[in-house]
Amino acid sequence: MVAGRVAGKVVLVTGGGSGIGRATATLLANEGATVVVTDVDRAGGLQTVQQIGGAASFLPHDVSKDEEWQRVIAEVLAKHGRLNGLVNNAGISGPFPSTFESEDVAQWRRIFAVNVDGVFLGCKHGVPAIRDSGGGSIVNLSSLAALLGTPELSAYGASKGAVRQFTKTVAIECARKGYKVRCNSVHPGIILTSMGESLFKTEALRERARQRVPLRELGRPEDIGYGILFLISDESRYMTGAELVIDAGMSAI
């Protein structure tokens, strides 16, 4: 591994208090980035920052609220003078199982508020900041659920499908306007985060999930974090509007 793959970059990671967000923030910091971790979970976010050390700081942040995005971006620019990367990672899955026939309307809207509005607002306010900083990269966390039907997670799957499509829209608009802002989506398979564990609470359920995975192994947050690191780095300078699927082969069958 080459050291300093994102050296000198200021990167904002939402939902950085646990799971994929924490793993991503840690990898980015280890490779030279100054990382701003945000989360509604203050304790988790502060723990991430403590584990990383001096290369990271924390800001409380509800990604579903426009005014909070304005505040967070303003604070990042005031403190660091620039923003070079944004990882729109914050997301929720909702109860399991939840079919479209049984889905509660309030829960459906809450999932979309975090998973879709959060990504929209992140791009809305992040793109100008990154553009004015000389360019950079946005990574939106979608899911394998954006590529397959999700009859037991209807709202979650629909929200991640929206993230997939919106990512391409942002990528093309930024490219056409010459902003030098790339935007790609990442599509994790079954990853053992706190969210993933909430869906597979028993070893029997985990084993059933493993049997669905061609590599017969459930993913770790770092498996996704390394993909995000690549997309934030200049190594991916020729990628925009793309889908990086990290699912141990599930989408291939």
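Residues numbered from 1 in each chain as written. Predicted model: local features only at pLDDT ≥ 70, side-chain atom pairs only at ≥ 80, totals over all residues. Heavy atoms only, no water.

(A) Molecular detail of the sheet that holds strand 2 (residues 34-39). As summarised here, the arrangement of the seven strands in space is 3-2-1-4-5-6-7, forming an open sheet in which the pairing is parallel. Edge positions in the sheet fall to strand 3 (56-60) and strand 7 (243-246), since each has one partner strand and no second. Geometrically, the sheet is characterised by an average inter-axis angle of 20 degrees between neighbouring strands, direction not taken into account. Lying over the sheet, helix 2 (residues 42-52) contacts strand 2 and strand 3, oriented at roughly 170 degrees with respect to strand 3. Helix 3 (residues 66-80) rests against strand 1 (10-14), strand 2, strand 3 and strand 4 (85-88) of the sheet, and its axis sits at about 155 degrees to strand 3. (Pairing = 2+ DSSP bridges. Helix = DSSP H or I, 4+ residues; strand = E, 2+ residues; numbered from the N terminus. Axes fitted to C-alpha atoms, helices over the stretch in contact; angles between N-to-C directions. Contact = heavy atoms within 4.5 Å.)

(B) Molecular detail of the UniProt feature "domain: Ketoreductase" (unreviewed entry) in the protein chain. Here, UniProt's "domain: Ketoreductase" (unreviewed entry) annotation points to residues 9-193. Taken end to end, residues 9-193 comprises 48% helix and 18% strand; its first and last C-alpha atoms sit 26 Å apart. (UniProt positions renumbered as here; feature names shortened; annotations may be inferred.)

(C) Up close: the pairing of strand 5 (residues 136-141). Of all six residues that make up strand 5, six are buried, and the element is covered over most of its length. Burial along strand 5 is two-sided: G136, I138 and N140 and S137, V139 and L141, pointing in opposite directions, are all buried. Taken together, strand 4, helix 4 (residues 105-132) and strand 5 form a β-α-β motif whose crossover is right-handed. One ladder, built from six bridges, connects strand 5 with strand 6 (residues 181-188); its direction is parallel. When the bridges of strand 6 are listed, S137 appears paired with R182. Handedness of the crossover joining strand 5 and strand 6 through helix 5 (residues 154-176) is recorded here as right-handed. (Buried < 20%, exposed > 50% of the residue type's maximum accessible area, 1.4 Å probe, protein only. Right-handed = clockwise from strand over helix to strand, strands pointing away.)

(D) Examining the nonpolar core more closely. Within the largest apolar cluster, 26 residues are counted, with the highest numbers of intra-cluster contacts made by L12, W69, V76, L83 and I138. If you list the elements that add at least two residues to this core, you get strand 1, helix 3, helix 4, helix 5 and strand 6. Counting residues per element, this core draws most heavily on helix 4, at seven residues. Once residues within four sequence positions are removed from consideration, V76 is found in contact with V10, V36, L59, G81, R82 and L83. Of all hydrophobic cores here, the second largest spans 24 residues; its members include V6, V11, V35 and V37. (Core = buried A, V, L, I, M, F, W, Y, C linked by side-chain atoms within 4.5 Å.)

(E) Inspection of the environment of A158 at higher detail. Its location among the elements puts A158 in helix 5. Placed 50 residues apart in sequence, A158 and W108 show a C-alpha to C-alpha distance of 9.6 Å. Excluding anything up to four places from it in sequence, A158 contacts W108 and F112.

(F) Spotlight on the packing of helix 3 against helix 4. In the contact formed by helix 3 and helix 4, the axes pass within 10 Å of each other and the chain directions differ by 35 degrees. Handedness of the crossing formed by helix 3 with helix 4: right-handed. In this structure, helix 3 contributes D66, W69, Q70, I73 and L77 to the contact, and helix 4 contributes G118, L121, G122, H125, G126 and A129. Classifying every residue of the contact of helix 3 with helix 4 by side-chain character gives five nonpolar, five polar and one charged. (Left-handed = near helix turned anticlockwise from the far one by under 90°. Nonpolar A, V, L, I, M, F, W, Y, C, P; charged D, E, K, R; others polar.)

(G) Spatial organisation of helix 3. Over its 15 residues, helix 3 extends 21 Å from the first C-alpha to the last, a length consistent with the 21 Å expected when each residue adds 1.5 Å. Of all the positions in helix 3, only E68, W69, V72, I73 and V76 are classed as buried. For helix 3, the angular spread of buried residues about the axis comes to 130 degrees, placing them on one side. Every exposed residue of helix 3 that faces more than 90 degrees away from the buried side is listed here: E67 and A78. Buried residues in helix 3 make contact with strand 1, strand 2, strand 3, strand 4 and helix 4. The first or second residue beyond helix 3 is G81, which carries a positive phi of 80 degrees. (Expected span 1.5 Å × (residues − 1). Arc of directions from axis to C-beta.)

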